[in-house]
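So you can see what is in the structure, the chains are spelled out below.
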Amino acid sequence: MKDQFVIAYLADLSMNQTVVSHACHLARMLNKGLILLYIEDPRLKLPSVNDAEQQLLKLEADIPDVHPAHVALKGSTAEVINALPTLLNGVVAVAGVNPKASFGNPTHPRRVLHHFSQCKIAYLTVQQPLTDPSSYNTVAYSIDFNKESKEKLIWASYFARFNHSKLLMLHFKYSDSGLHTKWHNNVLFMDKFFSGLNVTYSSLPIQGRALFPEIIVCRSAAQAGCGLLISVTTDTRNLDVIEWFAGVQEHRTIRNPHQLPVLFINPRNDIYVLCD
């Protein structure tokens, strides 16, 4: 038995191959176990646990090298997801996203973000199957003037150390001296953190300003040939007036038209990480 697990969250069984393909790669990369998770939420129109069992057993049989287990539960999706670190020793989850799904479907982008909003582990949102694992060979993340940027670094280091991924740090150029100083301090912190792990990265300045800068980051990462973006969700305690009405930027990043997988990290003090 492994000490920690990648959780393949199979929301409505319609995106099984998409979710499992990414989850298997993460399990192999991190040398962690794999759990196929199905939740029968009474508030959503989903197959029963009994009906899902046969599909879960078939999925298990199709992944002999990883030897996954499956768990089928009935209850609140958000409550189960919140309990993943302690309930299933989860360290990262994978969730399928279908931008065309109805709002009542658990793969709808906003549903996924809502269900994972209090999650204490990182979660990878994916729109299409992983057909070429080498697409993970370049991983992008942005560093800006916010202290939350630094929360991306530990997962960036995992991809560099365990997948030998090249890291691409995207950043805007700040004309405001105060913002530039905060950004520079974050970069100094990153350099010190990566130096201790013998991790290297390259940087790419990007142009433009927008209400949702992470959208520009996502587009730039896709154009640079990156296969995955690491992003931090908006701290709901610090929403401004515009975000209350227009929504937060992850509502758009998660459904990006480039179909770039996005690994989200919620800004929390009690986030769970790998035992390595």
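Structure first, text after, so check above.
Conventions adopted
- Residues numbered from 1 in each chain as written.
- Predicted model: local features only at pLDDT ≥ 70, side-chain atom pairs only at ≥ 80, totals over all residues.
- Heavy atoms only, no water.
- Helix = DSSP H or I, 4+ residues; strand = E, 2+ residues; numbered from the N terminus.
- Rg over C-alpha atoms; globule rule 2.2 N^0.38 Å.
- Buried < 20%, exposed > 50% of the residue type's maximum accessible area, 1.4 Å probe, protein only.
- Contact = heavy atoms within 4.5 Å.
- Areas by Shrake-Rupley, 256 points an atom, 1.4 Å probe, with all protein chains shown as cover.
- Core = buried A, V, L, I, M, F, W, Y, C linked by side-chain atoms within 4.5 Å.
- Disulfide = S-S within 2.5 Å.
- 1 Å grid on protein atoms, 1.4 Å probe; cavity = no way out; pocket = protein on both sides within 12 Å on 5 of 7 lines; lining within 4 Å.
- Points joined across faces, edges and corners; volume = space filled by probe spheres on them.
- Nonpolar A, V, L, I, M, F, W, Y, C, P; charged D, E, K, R; others polar.
- Expected span 1.5 Å × (residues − 1).
- Pairing = 2+ DSSP bridges.

Draft legend 1. Summary view of the overall build of the chain. Of the regular secondary structure elements, the chain holds 10 helices and 10 strands. A compact globule built from 276 residues would reach a C-alpha radius of gyration of about 19 Å, and the chain, at 18 Å, matches this within 12%. Taking the principal axes of its C-alpha atoms as reference, the chain extends roughly 60 × 45 × 35 Å. Put simply, the chain has 276 residues, and 54% of those count as buried. Taking all contacts inside the chain whose residues are at least 6 apart in sequence as the whole, residues at least 24 apart take part in 79%. Of the roughly 12,900 Å² of accessible surface on the chain, a fraction of 52% belongs to carbon and sulfur atoms.

Draft legend 2. View of the nonpolar core. Core analysis: the largest hydrophobic core is formed by 66 residues, its most contacted members being L34, Y141, W155, F159 and I230. Examining the composition of this core, we find that 8 residues originate from one element, helix 1 (residues 16-30), more than from any other. Among all residues touching Y141, those that are not within four sequence positions of it are K152, L153, A156, L167, L168, M169, L170, M190, F194, Y201, L229 and I230.

Draft legend 3. Focus on the state of the cysteines. Evaluation of the coordinates by the stated rule reveals 0 disulfides. In this structure C24 is not part of a disulfide, and its nearest cysteine sulfur, from C119, lies 19 Å away. The exposure class assigned to C24 is buried, which follows from its relative accessible area of 4%. Unpaired in terms of disulfides, C218 finds its nearest cysteine sulfur in C226, a separation of 10 Å.

Draft legend 4. Just the environment of Q127, in detail. Tracing the sequence through the fold places Q127 in the loop between strand 5 (122-126) and strand 6 (138-142). The exposure class assigned to Q127 is buried, which follows from its relative accessible area of 14%. Counting along the chain gives 131 residues from Q127 to H258, while the straight-line C-alpha distance between them is 9.5 Å. Other than its neighbours up to four places away in sequence, Q127 contacts M15, T18, V97, P99, I254, R255, N256 and Q259.

Draft legend 5. Here's a closer look at empty space enclosed by the protein. Across all of its chains, the model carries 1 cavity of 30 Å³ or more by this definition. In this structure, the largest cavity occupies an estimated 40 Å³ of space. Y9, L10, A11, D12, L13, S14, M15, N16, V19, G96 and T107 together form the lining of the largest cavity. Classifying every residue of the lining of the largest cavity by side-chain character gives 6 nonpolar, 4 polar and 1 charged.

Draft legend 6. Spotlight on unusual backbone geometry. With phi around 60°, N31 is a residue other than glycine that occupies positive phi space. Relative to the elements of secondary structure, N31 occurs in the loop between helix 1 and strand 2 (33-40). Residues other than glycine seldom take positive phi values, yet Q259 does so here, at roughly 55°. Tracing the chain through its elements places Q259 in the loop between helix 10 (250-253) and strand 10 (262-265). Under the relative-accessibility criterion, Q259 is labelled partly exposed at 31%.

Draft legend 7. Helix 8 (residues 213-223), seen in detail. The complete set of buried residues in helix 8 reads E214, I216, V217, C218, S220 and A221. Close packing links the buried residues of helix 8 with strand 6, strand 7 (166-172), strand 8 (202-206), strand 9 (228-232) and helix 10. Where helix 8 ends, the next residue or the one after it, G225, has phi of about 85°, a positive value.

Draft legend 8. Spotlight on helix 2 (residues 49-61). With 13 residues, helix 2 should cover 18 Å at 1.5 Å per step; its first-to-last C-alpha distance of 18 Å lies within 8% of that length. Looking only at helix 2, the buried set comprises V49, A52, L56 and L59. In this structure, the buried residues of helix 2 make contact with helix 1, strand 2 and strand 3 (69-74).

Draft legend 9. Summary view of the pairing of strand 9. Among the 5 residues of strand 9, 5 are classified as buried, and the element is accordingly described as predominantly covered. Of the two faces of strand 9, the one carrying L228, I230 and V232 and the one carrying L229 and S231 are both buried. Relative to strand 10, strand 9 is paired through 4 bridges, and the arrangement is parallel. Residue S231 lies in a different strand from strand 10, and its bridge partner there is F264.

In short, the description is geometric, and any link to function would need to be established separately.
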